[in-house]
Amino acid sequence: MTVPRDAIYAQPYSELGDFAFDEKVAEVFPDMINRSVPGYATMVHTIGRLAGRFAQPDSVLYDLGCSLGASTLALKQNNKAPGCSIIGIDSSAAMVERCQAHVDAFRGDTPVHIEQGDILQTKYKPCSVVILNFTLQFIAPEKRQQLLQQISDAMLPGGLLVLSEKVREPETVCDQVLVDLHHDFKRDNGYSELEISQKRAALENVMRLDTLQQHQQRLQETGFSQVQNWYRCFNFTSTFAIK
Ligand SMILES: Nc1ncnc2c1ncn2[C@@H]1O[C@H](C[S@+](CC[C@H]([NH3+])C(=O)[O-])CC(=O)[O-])[C@@H](O)[C@H]1O
Ligand SMILES: O=C(O)C(=O)Cc1ccccc1
């Protein structure tokens, strides 16, 4: 199957609205995320490996902000614990519409339920694995602690959270180098200067970045006993935390 190419910001917009996970984005999302996030495939693959190791019998595995279900599918293909269910949640109707069919197209023993909903309003069931793969960065900064506390409160001892985030560096020279290297990565993947600058402007109000230190501190404050960054390329990171 050919993946439709992302050309959303290829033409100049006279009025550039805020970036939204709408029909247009859902349509090209696999191409967009692969050409925009260095190491995305590695992170999704490793999420599967980590879930296979930490899933506990008779518990829920959550994929929060599941989009088209790439990480949900990694959970389905790697879970070996009996009696589990996988729940993927996303607030975007366009994503959720496509996600269930995508995940159902692949084999796996664990039942998967995809729901449209706000992860801030979700009542979490006892869980052993929770994935936030580039989702927390789209939650209002003042609500991030509360969300992680809700997740932590529902998590079984020994449970695993994977938190992948684009981060900023407190030191401005280093931050600029990393941002430039990411833009080079996007150029190398065929995005034009116009596409890079328009998307950047569209994301400004909706994707607010913390530093890796802020994320790690928040995880400790919300009850995770072990916090380990396991991936980094430029300003893209992934951390696992154990309850
Ligand atoms: N409050 C919210 N409640 C539920 N969903 C939300 C909320 N806010 C944003 N989202 C959803 O979070 C997802 C973020 S994308 C995740 C990629 C995926 N994890 C992947 O592994 O492919 C990351 C990116 O595009 O950089 C979108 O689908 C939003 O609709
Ligand atoms: O494209 C970017 O510049 C990003 O920072 C990553 C991204 C990928 C997909 C949707 C939103 C942001």
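The coordinates are above.
Just so we're clear, the structure is a prediction, and the values are computed from it rather than from any experiment. (Residues numbered from 1 in each chain as written. Chains lettered and ligands numbered in written order. Predicted model: local features only at pLDDT ≥ 70, side-chain atom pairs only at ≥ 80, totals over all residues. Heavy atoms only, no water.)

**Focus on the overall build of the chain**
So, step 1. Scanning the chain from N- to C-terminus turns up eight helices and seven strands.
So, step 2. Taking 243 residues into account, the globule formula puts the C-alpha radius of gyration at 18 Å, and the chain, at 18 Å, falls close to it.
So, step 3. With respect to the principal axes defined by its C-alpha atoms, the chain has extents near 50 × 40 × 30 Å.
So, step 4. Within the span of the chain, comprising 243 residues, buried residues form 51% of the whole.
So, step 5. Contacts in the chain between residues at least 24 apart in sequence constitute 78% of all its contacts with a sequence separation of at least 6. (Helix = DSSP H or I, 4+ residues; strand = E, 2+ residues; numbered from the N terminus. Rg over C-alpha atoms; globule rule 2.2 N^0.38 Å. Buried < 20%, exposed > 50% of the residue type's maximum accessible area, 1.4 Å probe, protein only. Contact = heavy atoms within 4.5 Å.)

**What about the site of ligand 1?**
So, step 1. The local shell around ligand 1 holds 21 residues, among which Tyr40, Gly65, Ser67, Asp90 and Asn133 are the closest.
So, step 2. Serine 67 places a side-chain nitrogen or oxygen 2.8 Å from an oxygen atom of ligand 1.
So, step 3. In this structure, a nitrogen atom belonging to ligand 1 sits 2.9 Å away from a side-chain N or O atom of aspartate 118.
So, step 4. Here ligand 1 has 660 Å² of accessible area as a free molecule, and 92% of this is covered by the chains.
So, step 5. If you list the elements that add at least two residues to the shell around ligand 1, you get helix H1 (23–36) and helix H3 (70–78).
So, step 6. Among the residues forming the shell around ligand 1, the class breakdown is 10 nonpolar, nine polar and two charged. (Near = heavy atom within 4 Å. Polar contact = N/O pair within 3.5 Å; in protein donor to acceptor, adjacent residues only side chain to side chain. Areas by Shrake-Rupley, 256 points an atom, 1.4 Å probe, with all protein chains shown as cover. Nonpolar A, V, L, I, M, F, W, Y, C, P; charged D, E, K, R; others polar.)

**Looking at the pairing of strand S5 (residues 155–166)**
So, step 1. Within S5, nine of the 12 residues are buried, which leaves it mostly tucked inside the rest of the structure.
So, step 2. For strand S4 (residues 127–133) and S5, the ladder comprises six bridges, and the chain directions are parallel. By the bridge assignment, isoleucine 131 is partnered in S5 with valine 162.
So, step 3. In the classification by handedness, the crossover that spans S4, the intervening helix H5 (residues 144–154) and the parallel S5 is right-handed.
So, step 4. Where S5 lies against strand S7 (residues 236–242), seven bridges are found, and the strand directions are antiparallel. Among the inter-strand pairings, lysine 166 is bridged to a residue of S7, identified as phenylalanine 236. (Pairing = 2+ DSSP bridges. Right-handed = clockwise from strand over helix to strand, strands pointing away.)

**Here we look at the site of ligand 2**
So, step 1. Around ligand 2 sit Phe19, Met32, Ser36, Val37, Phe138, Lys166, His182, Lys186, Lys199, Leu203, Met207 and Phe236, and those are all the residues in its vicinity.
So, step 2. In this structure, lysine 186 approaches ligand 2 through a side-chain N or O atom, which is 2.7 Å from an oxygen atom.
So, step 3. A distance of 2.6 Å separates an oxygen atom of ligand 2 from a polar atom in the side chain of lysine 199.
So, step 4. Listed by contribution, the elements that provide at least two residues to the shell around ligand 2 are H1, helix H6 (172–188) and helix H7 (193–203).
So, step 5. Its residues assigned to classes, the shell around ligand 2 shows seven nonpolar, two polar and three charged.

**Thoughts on the packing of helix H2 (residues 40–54) against H3**
So, step 1. One can describe the packing of H2 onto H3 by two numbers: an axis separation of 8 Å at closest approach and a directional angle of 35°. Classified by chirality, the crossing of H3 by H2 is right-handed. Of the residues in H3, those touching H2 at Tyr40, Val44, Ile47, Gly48, Arg49, Ala51 and Gly52 are Ala70, Ser71, Ala74, Leu75 and Asn78.
So, step 2. Tallied by class, the residues present in the contact of H2 with H3 amount to seven nonpolar, four polar and one charged. (Axes fitted to C-alpha atoms, helices over the stretch in contact; angles between N-to-C directions. Left-handed = near helix turned anticlockwise from the far one by under 90°.)

**Description of H1**
So, step 1. Taking 1.5 Å as the rise per residue, H1 with 14 residues should run 20 Å; its terminal C-alpha atoms sit 19 Å apart, in good agreement.
So, step 2. The sharpest bend along H1 reaches about 70° and sits at phenylalanine 29, with the proline proline 30 one to four residues further on.
So, step 3. Those residues of H1 that fall on the buried side of the exposure criterion are Val25, Ala26, Val28, Phe29, Asp31, Met32, Ile33, Arg35 and Ser36.
So, step 4. Those residues of H1 that are buried lie in contact with H2, helix H4 (93–104), H6, H7 and S7. (Expected span 1.5 Å × (residues − 1). Bend = angle between axes of the 7 residues up to and from the residue.)

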